[in-house]
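Residues per chain, in single letters:
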Amino acid sequence: MCDSCKKKFYITTPIYYPSDKLHIGHTYCTVATDAMARYKRLRGYDVMFLTGTDEHGQKIETRAKSAGITPQQFVDNIVTGEKGVLDLWKLMNISYDRFIRTTDDYHVAAVQKIFKKMYDKGDIYKGKYTGMYCTPCESFWTESQLKDGKCPDCGRDCQPAEEEAYFFKLSKYAQPVRDLLTNTDFLEPKSRVHEMVNNFIDAGLEDLCVSRTSFTWGVPVDFDPGHVVYVWVDALFNYTTALGFMNDKYDDYKDWWPADVHFVGKEIVRFHSIIWPAMLMSMEMPLPKKVYGHGWLLLDGGKMSKSKGNVVDPQVLADRYGVDALRFFLLRSFPFGSDGNFSNELLISCINTDLANDLGNLVSRTVAMVQKYFGGTLPLAQLEDAEKDAELTTMASELHARYETQMESYAFQNALGEIFSVISRANKYIDENAPWVLAKDENNRPRLARVMYNLLETVRICAGLLQPFMPATSEEIMRRIGAERTDWDSLCVYGGLKADTTVVAGNALFPRIDAAKELEELEKLNAKPAEPEADPLPEPLPPICFDDFCKVEMTVVKVLTCENVKKSEKLLKFTLDDGSGTPRQILSGIAKYYKPEELIGKTLVAVTNLPPRKMMGQESCGMILSAERGEKLQVVMLDDSVPAGARLV
Ligand code: ME8
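The rules behind these values
For every chain, the first residue of the written sequence is number 1, and numbering continues from 1 onward in sequence order. pLDDT decides what is reported in this predicted model: residues at 70 or higher carry local features, side-chain atom pairs at 80 or more are listed and counted, and totals for whole chains, interfaces and linings draw on all residues regardless. Processing note: side-chain calculations cover all non-hydrogen atoms of the structure and skip hydrogens and water entirely. Runs of E in the DSSP output that reach at least two residues are strands. Runs of H or I that reach at least four are helices, and both are numbered from the N terminus. In what follows, a contact means two residues having at least one pair of non-hydrogen atoms within 4.5 Å. Relative accessibility decides the category of a residue: with a 1.4 Å probe and only protein chains considered, values under 20% of the type maximum give buried, values over 50% give exposed, and everything between is partly exposed. Paired strands, as defined in this entry, are two strands with at least two bridges between them according to DSSP. If you view a crossover with the strands going away from you and the path from the first strand over the helix to the second runs clockwise, you call it right-handed. Here the term cavity refers to a set of points on a 1 Å grid, laid over the protein atoms alone, in which a 1.4 Å probe fits but cannot get out; the term pocket refers to an open set having protein on both sides within 12 Å along at least five of seven lines, with lining residues being those that place an atom within 4 Å of a point. Grid points are joined across faces, edges and corners, and a volume is the space filled by probe spheres set on the points. Gly is placed with the polar residues, together with every amino acid not listed as nonpolar (Ala, Val, Leu, Ile, Met, Phe, Trp, Tyr, Cys and Pro) or charged (Asp, Glu, Lys and Arg). The arc under discussion is defined with respect to the helix axis, by the directions toward the C-beta atoms. Between 30 and 60 degrees the pair is tilted, below 30 it is stacked and above 60 it is edge-to-face, where a pair is any two Phe, Tyr or Trp rings, Trp via its six-membered ring, whose centres lie within 6.5 Å. Note on criteria: charge over ring means Lys NZ or Arg CZ within 6 Å of the ring centre, with the direction from the centre no more than 35 degrees off the ring normal.

(A) Geometry of the environment of L648. When you line up the elements, L648 lands in the segment after strand 25 (637-638). Separated by 94 residues in sequence, L648 and M554 place their C-alpha atoms 5.3 Å apart. If sequence neighbours within four positions are ignored, L648 has contacts with M554, V556 and V605.

(B) Quick peek at the pairing of strand 2 (residues 46-53). Of all eight residues in strand 2, eight are buried; the element is thus mostly enclosed. In this structure, strand 1 (residues 8-12) lies alongside strand 2, joined through five bridges in parallel fashion. By the bridge assignment, Y10 is partnered in strand 2 with M48. Handedness of the crossover joining strand 1 and strand 2 through helix 1 (residues 24-42): right-handed. Pairing geometry for strand 2 and strand 3 (residues 98-101), over four bridges, is parallel.

(C) Just the environment of E163, in detail. If you trace the backbone, E163 turns up in strand 6 (residues 159-168). On the accessibility criterion, E163 (10% relative accessible area) is buried. Remark: the alpha-carbon pair of E163 and V79, spanning 84 residues in sequence, is separated by 32 Å.

(D) Main features of the layout of surface pockets. In this structure, the second largest pocket occupies an estimated 770 Å³ of space. Around the second largest pocket, the lining comprises 32 residues; the ones closest to its centre are W141, Q145, P152, F200 and R270. The set of elements that each furnish at least two residues to the lining of the second largest pocket consists of strand 4 (124-134), strand 5 (139-141), helix 7 (191-201), strand 8 (208-209) and helix 11 (269-282). It is helix 7 that provides the largest number of residues to the lining of the second largest pocket, a total of five residues. Of the residues belonging to the lining of the second largest pocket, the class tally is 16 nonpolar, seven polar and nine charged.

(E) How the structure looks around unusual backbone geometry. Here the residue pair E188 and P189 is connected by a cis peptide bond, since its omega of -5 degrees sits within 30 degrees of zero. Examined against the element boundaries, P189 turns out to sit in the loop between strand 7 (187-188) and helix 7. Residue P258 is bonded to the preceding W257 through a cis peptide linkage, with omega at 5 degrees. Residue placement: P258 occurs in the loop between helix 10 (253-256) and strand 11 (261-265). One non-glycine residue, N93, lies in the positive phi region at around 60 degrees. Note that N93 resides in the loop between helix 4 (85-91) and strand 3. The backbone of E284 sits at a positive phi, close to 55 degrees, despite the residue not being glycine. With respect to the helices, strands and loops of the structure, E284 is situated in the loop between helix 11 and strand 12 (291-294). A residue is classified by how much of its surface remains accessible, and E284, at 64% relative accessible area, is exposed.

(F) Highlighting the sheet that holds strand 8. Strands sit in the order 5-4-6-8 across an open sheet of four strands; the sheet is antiparallel. Both outer strands of the open sheet, strand 5 and strand 8, are each paired with one neighbouring strand and no more. Relative to strand 8, strand 6 runs antiparallel, the two sharing two bridges. Each bridged residue has a counterpart across the sheet, and for F168 the counterpart in strand 8 is L208.

(G) Just helix 6 (residues 174-183), in detail. Buried within helix 6 are the following residues: A174, V177, L180 and L181. One face of helix 6 carries all of its buried residues, which in axial projection span an arc of 130 degrees. Tucked inside the fold, the buried residues of helix 6 contact strand 7, helix 7 and helix 11.

(H) The arrangement of the packing of aromatic side chains in detail. For the structure on display, the rule yields 34 aromatic pairs. Aromatic side chains Y28 and F334 sit 6.3 Å apart centroid to centroid with 90 degrees between the ring planes, which places their arrangement in the edge-to-face category. Of this pair, Y28 sits in helix 1 while F334 sits in the loop between helix 13 (323-333) and strand 15 (340-342), and the two are 306 residues apart along the sequence. Ring geometry for F115 and Y166: centres 5.9 Å apart, planes at 85 degrees, overall edge-to-face. Residue F115 is located in helix 5 (residues 105-121), and its partner Y166 is located in strand 6; the two are separated by 51 residues in the primary sequence. A single burial state applies to F115 and to Y166, both of which are buried. One aromatic cluster is present, formed by Y28, F263, Y292, F329, F334, F336, F342, Y410, F412 and F469 through successive ring pairs. Over the face of the ring belonging to Y45 we find K40, whose NZ or CZ atom lies 4.5 Å from the ring centre.

Here it is as structure tokens:
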């Protein structure tokens with residue numbers, strides 16, 4: 001079928017804040033979206049899978065400032081840098097079709113136009129904002145929305161905020177959004193609808209503050225300098241600007257919008273099921289067909305977050321167990337719509353039970369027996385039909401339908417459950433039919449061939465349906481059993497494998513993990529100290545004029561002697577060659593950072609026109625320059641070739 005005749009499917013993930021390293025919780029949603037995109041491709045759809053990064057906002061501005069770099073450099077490091085977001089998605093085999101960064105020029109320009117359009121329509125107006133602001137969540141809250149005085153999303157403190165700001169008339173859209181949520185399948189799972197309607201809409205939907213003036217890292221409101229667009233307005237429209245809405249970068253908005261489904265985590269359902277449709281209504285744009293709010297992966301019952309110090313690094317886990325094992329585990333172990341408790345034990349036990357024991361064993365036993373009893377190629381003529389195989393063959397031949405039902409309702413865990421009940425049945429079939437007994441009697445060869453064929457065909461169907469979850473493993477299994485067809489139609493028909501198929505052996509697909517040993521290793525890894533965060537930058541000083549700067553005499557000095565000052569923990573006493581011919585004595589409070597012998601002979605810089613002063617009874621004629629950031633202090637050292645007495649200009 002040509003691409004333009006195919007049915008289309010547009011699916012998105014939330015675009016990530018590149019403020020922290022991505023953890024296994026972030027990976028969860030993207031892996032799920034990838035599995036759905038791959039499933040739809042398998043079903044013959046033309047798929048657009050969009051992901052990206054949400055790069056504006058105060059949190060990023062603040063983090064960049066404390067790292068001493070620009071916000072753009074900060075997000076570039078996390079998105080495109082080594083082991084950044086792009087590297088992680090590559091590693092995890094994420095088959096996205098488009099990647100948007102909200103700092104991309106085309107997106108910024110489009111958001112400005114969108115904001116202006118809503119303003120011109122009267123749906124955005126200027127007012128004064130007073131309320132509470134949660135910086136980590138970039139969320140405004142009214143007093144009544146706070147939970148015990150804290151942010152209802154993350155439980156952290158909020159700060160009072162008041163400023164001139166633009167507002168979006170969210171209240172105007174309360175009724176149509178309520179109708180959308182209660183009368184259609186727009187939001188799933190259904191359990192989330194009640195929460196949105198009761199807690200937010202029926203509690204009184206207030207107009208939404210959609211601009212800020214207290215920081216600059218955002219999309220500027222082009223008709224009112226000093227205001228930047230609220231990060232959620234900027235972020236939500238990514239789903240349309242990435243298709244070319246109000247920009248020339250792409251031109252397939254008409255082909256793809258409205259999205260078939262937005263996969264989002266439960267804490268951002270509010271933005272996607274209330275604010276997003278309201279803004280789209282204002283823009284008179286079609287609404288997405290569905291928002292699916294998935295649950296969280298929890299650690300010890302709490303949210304996985306860096307601030308709680310319990311992040312699990314997907315790169316480390318994928319390196320240790322393999323990408324497919326990790327992808328599989330995430331979708332097999334937790335029901336997509338609800339929360340689930342993540343643990344390393346669970347991960348290891350899932351790999352050992354489902355992948356090593358059930359799937360891995362079935363494939364390796366089947367291939368090994370075809371090799372042993374038939375030299376690797378099943379004979380064509382010797383197949384026979386057997387009633388007693390009906391249970392397995394019916395299960396396998398009807399698997400696609402049960403799987404489809406589950407996949408169409410985003411029940412990944414159940415879809416995998418269906419596959420694995422067939423895999424278990426096939427393992428039992430081996431024991432029931434005991435091919436090693438059949439092999440003892442030449443007369444049983446037709447029966448033995450039939451048993452082996454049923455096993456290979458069951459493996460083919462199961463591996464084919466595993467494609468969206470474990471693409472590389474599925475391909476490898478198909479190679480080993482000599483399967484040529486892996487398309488959807490072939491997976492719906494039992495008997496698709498050629499009868500004279502040739503198999504090839506290989507290493508264990510999923511080696512068993514020694515759980516006790518592995519958990520010990522992980523414990524050691526966890527014990528490694530976390531990388532220290534950059535210390536905050538000191539407050540900037542008021543400007544000075546050039547003449548003031550010229551008044552400071554900064555001279556290159558060589559350290560002749562250096563010793564601790566008795567009874568002082570802080571002070572080091574230096575005798576310095578300042579080029580004048582007379583040694584100069586300076587006391588400096590750096591004993592905590594340097595041993596005297598480390599500094600003898602070094603070339604330093606001193607301020608030499610300060611009035612002499614006494615410290616611990618000793619005279620100090622000047623000050624040695626040091627660089628200070630947070631707790632750290634380092635003496636400014638120059639190349640030894642710079643002569644004593646040279647002046648810094
Ligand atoms: O929310 N378990 O970005 P984000 C499951 N930029 N999912 C989790 C999780 C966990 N422990 N932790 C995070 C944003 N997530 C916005 C989106 S879209 C226009 C803007 C999920 O980086 C979370 O629920 O904070 C969200 O869906 C996604 O990771 C990105 O989170």
